[in-house]
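Structure at a glance
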Amino acid sequence: MADILVEKTQQWLNETYHGKQGYGEDIVVDGITGWGTVHALLRAFQIELGITATSTSFGPSTTSKFKARFPNGVQQQSSDDTTEDNIYGIIQGACFCKGYSIGSNDITNHFYSGTGSAITSIKKDAGCSDTSSTVTLNMMKALLSMDQFKLVRGGNSNIREIQQKLNNKYENYIGLTPCDGVYSREMNKSLIAVLQKIEGFTGSNIDGKFGNGTKSRLPIVPSNGNLNNETEQDAIELVRYALVCNGYPIDVGINSNKWDSFLGNTIGRFQKDMILEETNICDTNTWMALLVSTGNQDRPYNAIDTAYTIHSEIRDINRVDIVKNLGVSIVGRYISGNKGKELAFDEAKGMLDNGINFYPIYQRDGEPSISYFTESQGWKDVQEAYSRARSYCIPKGTIIYFAVDIDMLDNQIEKYALPYFKAIDGGSTYYKVGVYGTRNVCSRVMDKGYATTCFVSNSSSGYSGNMGFKMPTNWNLDQFQTNVKISDNFAIDKNIFSNKFPVVTELSPRDYYYGTVLLESGHLVGRQLKYAGRKLNLSIQASGENGEKYDNMIVDVWFKNVEPFEDWACTKGHVVANVDNKIYNLSSTQDNDSIFINDTIPYYIEYDVFRITDTGYVRVTDKKIKITTTVNAYYL
C-alpha cells in the first residue's frame, strides 16, 4: 500500500538530486518503500559526503567519510539553529520509509526534536543501550537499509527479543541487527560474530564467518571450570538464543546465563534430532550444528551420494569395497544424467548384493537456470523419472529425490519451485516425492504437502536458503560436505541418513524394459516385455555387420501387443528402415511420433530384413545385418 510520506521522500530525492553525478536515473514515485528508494537515499548520502562514484552499499569509503565529517555522529539541532542540510533531509526520508513520524508531514532539512524523537524510537525498538537522538554510524547504516526494527508479519516475538538483546549487549561488535522477529542470514551472522567475541577475537577477526579459527576456540559448556565465569555465562546465554532460533521452545529460556538440567536435556534433544552423539553438553558438533548449515564437516557420516558408478570393478578399482571401507552402507545415485553419472545397468543389483542400499536422485545435468523450474517441466520430469525408476526395477513406493540445485530466494521458491513440485506431486502415483535443496526450499515444498521428506543440501552454507533457516522437520538426508576426493577417479558427498524414511533395500522383478536392444538379421521375434510407461517411442538403425550400406535392403519392424502372426490389425507401431546406418522413427497407428501403451501387459517386437528385387521382396538369409532398436517408454 502506498504511503504519502514515502511518496514525498521519493519526490524530494528526484527534485534535489536530479542530474547530479552519482544519483543516476530518477526513481519511481509510487509511495512504496523498496530497494530503489533505499538505494537512492544511500546514493544521495554519498553525494553529500563528496562521493561521486556512488554505490548501493555502505562500504569502507562511505564509512570513513562519515567518521571524518561526524566523529560524534549526526547531532540533533538546537531549537534556535536554523541551518538546513540535505543530510537532515535524508535522515527524515529514511525515517518515513521505516514508518516513523518526525512530527512533520514534509521533509524540512532540519534535525529538530521531532526527528530526534523518531531516532530515539528506532533505537528503542532496536534494543540499543544508547537511546539518544544522535545518529551514530551504526544507526546511519540501519537507516539506509531495508532492515526493520518492528515485528513484521510472520516474525516471532521471541526471536525479536533475542535480536534486541544482541544489539543491546554487542552493538559494538555486530552493528545493529534487524529486530523484525525473523531468523535471517544477517541474524545468523550476528550470532556467529557474538560467538567470536566470546572466544576472544577482536577487530576485523569478528566477521560473522565460521572458519577454522572460530572452530578452534569453541567454548564447550558446561566447562567444568575451564572457562572464566563471564565467558561461560555469555556462552550459555548464546546457546539458549541459538536453540530458540533453531525452533526449540522458548521454555529453554533466553533470560538466563546459567546452565540447568532443562537446558542440557534440550541440547540432548537437538543432538538426537540432528543425529549427533547425545552428550547433553554444547560441544563442538553441537555449536556448529546450531550455527552453520554444514555442521562439523569432520563428524562421522553414515551415507554418501556420488556421480560415480559403483560397479564391483571399474578401471581395476573395486568401488564397492571402497564404499564399504568408508563404513557406509547407503549410497545416493542418479537415475538421470549423462553416462557415468546415471545408474548403470545392474549397478543397483550389484550394490544390494554387496550389502549397500541406495536412494534414487533425479536431476538434469549441470545447474539449471531458475527458469527451468515450471509446472510443465515438473510434469515432464516426473514422467521421465518414474519411467526410469521402473526400468531400474526400483520398487513401488520408493522416495525419489527431485533436485533444486540452485539458491532460490523466498519469492523465487514461490514462483518457480512450488509450481514445479505441485506438478510432480500431481503426477506421482507409483513412487513418492522427495525434494533436494536448501533448507528453505525443502521446508516450503514440504509445508505445501508436495513432498514426503527431503534431502537437504546443507553443504552450501553460504546459500541464502540455508543461512538463518532452521533444519526442516521430517528430513531424511543431510548433505554436509561435497566433492570429497577418495581416489583419482572417485569422489563422494558426505551425508547423514536419519532413517525416518526407508531407502531401497531390494529390487522388483525385472519385467520392465527401457533402453537399447541389439538384434541380429533374419525373421526374429523380440522377447515378451513389459514397458514402463504410458507412451513409447521406437527408432531403428541398421547397417551391415561392419557398418556397410546396402541400397537394396530394408528392415521391417513391427511393435505388437499380440502373439506373432496372430492379428496384424493389433499392430501398435511400424518402422521401415533402410540399411544405411541412419535413424528411422516409428510410424504409429495412433499419432505421429509415439505409441500409447499399457504397462500391465506384454508387447513384442517382430522384424524382417528384405532384399528389394525386380520381382518383389526376398527375405535376407546370406548377410548379417546389425540392427539397433531404441525403445524409450515414458509416462504421459
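See the structure above.
Residues numbered from 1 in each chain as written. Predicted model: local features only at pLDDT ≥ 70, side-chain atom pairs only at ≥ 80, totals over all residues. Heavy atoms only, no water.

Describing the sheet that holds strand β6 (residues 453-456)
Within a sheet, each strand pairs with its neighbour through backbone hydrogen bonds, oriented either parallel or antiparallel. The test is simple: The criterion for strand pairing is that DSSP finds at least two bridges linking the strands in question. Secondary structure elements follow DSSP: runs of H or I of four or more residues count as helices, runs of E of two or more count as strands, with numbering from the N terminus. To obtain an axis, a line is fitted to C-alpha atoms, over the contacting stretch when the element is a helix, and the angle between two such axes runs from 0 to 180 degrees between their N-to-C directions. Note on contacts: a residue pair qualifies if any of its non-hydrogen atoms lie within 4.5 Å across the two residues.
One closed barrel accounts for eight strands, arranged β1-β2-β3-β4-β5-β6-β7-β8; its pairing is mixed. Across the sheet, the axes of successive neighbouring strands diverge by a mean angle of 30 degrees, strand direction being ignored. Bridging between strand β5 (residues 432-437) and β6 involves four bridges; their strand directions are parallel. Bridge pairing in β6 places Tyr-436 opposite Phe-455. Against the sheet, helix α16 (residues 410-426) contacts β4 (399-403) and β5, and its axis sits at roughly 155 degrees relative to β5.

A closer look at helix α10 (residues 229-245)
Each turn of an α-helix holds 3.6 residues, which means side chains three or four residues apart point in the same direction. As a reminder, the rule being used: Here the expected length of a helix is defined as 1.5 Å per residue gap, with one fewer gap than residues. Burial classification: accessible surface area is computed with a 1.4 Å probe over protein chains only, and a residue below 20% of its type maximum counts as buried, one above 50% as exposed, and the rest as partly exposed. In protein, a polar contact requires one atom able to donate a hydrogen and another able to accept it; more generally it is a pair of N or O atoms within 3.5 Å, and residues adjacent in sequence count only if both atoms are side-chain atoms.
Here α10 spans 24 Å end to end across 17 residues, near enough to the 24 Å set by a 1.5 Å rise per residue. Of all 17 residues in α10, 14 are buried; the element is thus mostly enclosed. Its side-chain oxygen 3.2 Å from the backbone nitrogen of Glu-230, Asn-228 forms the N-cap of α10. Looking one or two places after α10, you find Gly-247, whose phi comes out positive at around 95 degrees.

Topic: the pairing of β4
In terms of burial, β4 is largely enclosed, as five of its five residues are buried. Of the two faces of β4, the one lined by Ile-399, Tyr-401 and Ala-403 and the one lined by Ile-400 and Phe-402 are each fully buried. In the sheet, strand β3 (residues 357-362) pairs with β4 via two bridges, with the strands oriented parallel. By the bridge assignment for β4, Tyr-362 is matched with Phe-402.

Some thoughts on the environment of Asp-3
Position of Asp-3 relative to the elements: it lies in the segment before α1 (4-17). Once the C-alpha coordinates of Asp-3 and Gly-31 are considered, the two residues, 28 residues apart in sequence, prove to be 4.8 Å apart.

Focus on the packing of aromatic side chains
Here a ring pair, both rings aromatic, is described through the centre-centre distance and the interplanar angle of the planes. Basically, it comes down to this: Pairing of aromatic side chains here covers Phe, Tyr and the six-membered ring of Trp, requires ring centres within 6.5 Å, and sorts the geometry by plane angle: under 30 degrees stacked, over 60 edge-to-face, intermediate tilted. Charges are assigned to positions over rings by a cutoff of 6 Å between ring centre and Lys NZ or Arg CZ, combined with an angular limit of 35 degrees from the ring normal.
The full count for this structure, using the stated rule, is 21 aromatic pairs. With a centroid separation of 5.9 Å and 85 degrees between ring planes, the pair formed by Tyr-359 and Tyr-401 is classed as edge-to-face. Here Tyr-359, found in strand β3, pairs with Tyr-401, found in strand β4; they are 42 residues apart in sequence, far enough to count as distant. An identical accessibility class is assigned to Tyr-359 and Tyr-401; each is buried. In this structure, Lys-341 is placed above the aromatic ring of Tyr-334, and the distance from its NZ or CZ to the ring centre is 4.4 Å.

Things to note about the pattern of salt bridges
Where we set the bar: We count a salt bridge whenever a side-chain nitrogen from Lys or Arg sits within 4 Å of a carboxyl oxygen from Asp or Glu.
Tallying each qualifying case throughout the model produces 15 salt bridges. Ionic pairing is found between Lys-8 and Asp-106, a salt bridge with its closest N-O pair at 3.2 Å. Within this pair, whereas Lys-8 is found in helix α1, its partner Asp-106 is found in the loop between α4 (86-97) and α5 (113-126), the two being separated by 98 residues in sequence. Classification of Lys-8 by relative accessible area gives partly exposed; the value is 25%.

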